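Below are the chains, spelled out letter by letter.
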Amino acid sequence: QTQIHSPIALLMGSRSFYEGWDSNRPNVITFINIGVGADARKFILQAVGRGVRLEPLPGLRKRLASLVNAGAVDGITYQAARPFLPAIESLCIFGTNRAALAAIFDGLEQEKKAEEGVALALDVNQAALSRHPVLIPLYRRLDGHLLLEQREPRKFELQPAERARLQAYVDYLGDARLLLARHGLTPQQIGLLHQTLDTPETYFNPHTTRAFGSLDILLPRLTQYFDLIPQAVQGFKPLEDEIQHFKHIRVLLKDVQDLQEKIARVKNYKPQTTSFEELARQVQTGEISPQELAARINAYANASPAEVFDHQGQRLYIRHIASHYYLPLLLSDDDKIAYINHIIRVPSEVCFINQLEAYLKTPGNLFGHYDWWLFSRTDETVDRVTVPYYDPAQNRIRDFHPDFVFWLVKGNDYTILFVDPKGMVIGDYQHKIEGYKALFRDADQNYRVFDYGDYRVRVAFVMYCADVNLAPATYRDYWRDHPAGILAELDFGFAG
């Protein structure tokens, strides 16, 4: 990242940009000989997505005219900004390769078609929802409290050499009024600056490759850290539309009849609890009519616990998992499957589902210890089941979206369990764990227990991987590599 003493910031990269842009949105994107390859297209679309993202007010990602119509922005503000909106709300895309630009716009067109494809009808699993409420946590900002005031504040990433340079600069100025005049720091921020420099082991994480390069860049980022307000658990609420990605699944195929028929077969599946021999006996004894027998046989013939749909070698697996929030569950072992969206396709998530299904068929599995349980996959692009945490790379409070959420009830003890299958190369998992701990564990790392009606509620969190022995010792308690290990961590009681 190259930044000079100018209101213009320039971000350059030789490959691709992932999460962590320290900018709300770019106004100009230039692609240099990139965009033609199939693997590059998704990164191109991510970059363009950053450019078209608008956020004129914190948390409101709509154009200003829409916010005015919704009453979120007053008319005076809108009229003052209106002459500048065409430039501010427009993204300019340039490229050095005509074919690359053509590929970029083709990709955007494909994304548009994905929203216009044929919708698939999946249903909430009402049979599994009837016994207990499905709860999710609610959060609130701790206004009047700062992140730095927490018992163990999340640390600001700063190399020792840059911290020493900052200390020398503050000592050189000597007078707090100069920090106010030169950098616009408030008295509170100046006090926090001295506090963090006096006890760097508490507030700074020196293990980082990130370099700010200039005090004029470092100080605004550090004061932004001073002003961060954490969130706390407000309570719990029944699930409504916070999980809704299954309502937005669309298929880009001309003929979807075969797929729809297979989905219907799995959706209609009900485990056969009575053998056909027993049904035949019931007909003979008059307990059921021949018509009822024929209806049951017909229903069984037109239902299936699992189906496979194949289009040009890209397989879609359609599965009935009795304890899933919606039915059926759709997944693919091809993470580049292009004709359907909002399904499980990430290899680590697919592996987790396969292992979970196999474990559920094991006699005496630990799910049987519970009176009731349910789980759901979540989609971070649509759903709103989150855990807030401090992200030092972006220097802000972000929402973590776990890939799966489980609900487990035994007596009056209610557990919400977040499971996130990820590889250990993902570098920010520790920040997500720390965010979870700050919200749902006490000073002794015991579960915090919340009351909801007659239930005693706790929230657990597990990162799922291929081999737990490879997990760093510091966070090993939060890693599991088998479904049995996930539940073994929960003691079925709420002691502590």
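Residues numbered from 1 in each chain as written. Predicted model: local features only at pLDDT ≥ 70, side-chain atom pairs only at ≥ 80, totals over all residues. Heavy atoms only, no water.

**Student:** Got a minute to help me understand the nonpolar core in this structure?
**Tutor:** Generally speaking, soluble globular proteins have nonpolar side chains that are buried together. Among the nonpolar cores identified, the biggest contains 86 residues, and Ile 340, Phe 406, Trp 407, Ile 416 and Leu 417 are the most heavily contacted of them. Residues in contact with Leu 417, not counting those within four places in the same chain, are Phe 404, Val 405, Phe 406, Leu 408, Ala 460, Phe 461, Val 462, Ile 486, Leu 487 and Leu 490. Listed in part, the 29 residues of the second largest apolar core include Leu 146, Leu 158, Phe 204 and Ile 217. (Core = buried A, V, L, I, M, F, W, Y, C linked by side-chain atoms within 4.5 Å. Buried < 20%, exposed > 50% of the residue type's maximum accessible area, 1.4 Å probe, protein only. Contact = heavy atoms within 4.5 Å.)

**Student:** Would you mind going over the pattern of salt bridges with me for this structure?
**Tutor:** Between side chains of opposite charge, a pair can form when the charged atoms approach closely. By the definition in use, this model includes 20 salt bridges. The salt bridge partner of Asp 175 is Arg 177, with a shortest N-O separation of 2.7 Å. Taking relative accessible area as the criterion, Asp 175 reaches 26% and is therefore assigned partly exposed. For Arg 177, a relative accessible area of 64% translates into the label exposed. Across the salt bridge formed by Asp 241 and Arg 384, the nearest N and O atoms sit 3.0 Å from each other. Note that Asp 241 is positioned in the loop between strand E10 (231–238) and strand E11 (250–251) and Arg 384 in the loop between strand E16 (372–377) and strand E17 (387–391), a separation of 143 residues in sequence. Among the residues examined, Arg 384 registers a relative accessible area of 43% and is labelled partly exposed. Here the salt bridges do not stand alone but share partners, grouping Arg 154, Glu 434 and Lys 437 into one network. (Salt bridge = Lys/Arg side-chain N within 4 Å of Asp/Glu carboxyl O. Helix = DSSP H or I, 4+ residues; strand = E, 2+ residues; numbered from the N terminus.)

**Student:** Got a minute to help me understand helix H9 (residues 187–198) in this structure?
**Tutor:** Counting along an α-helix, one turn takes 3.6 residues, and residues three or four places apart therefore face a common direction. Look at H9: 17 Å from first C-alpha to last across 12 residues, which is about the 16 Å you get at 1.5 Å a residue. Along H9, the residues classified as buried are Gln 189, Ile 190, Leu 192, Leu 193, Thr 196 and Leu 197. One side of H9 holds all its buried residues, which, seen down the axis, span an arc of 165 degrees. Away from the buried face of H9 by more than 90 degrees, exposed residues Pro 187 and Asp 198 are located. As for H9, its buried residues are in contact with helix H7 (160–173), helix H8 (176–183), helix H10 (200–203), strand E9 (204–205) and helix H11 (215–226). (Expected span 1.5 Å × (residues − 1). Arc of directions from axis to C-beta.)

Don't take any of this as a statement about function, it's just geometry.
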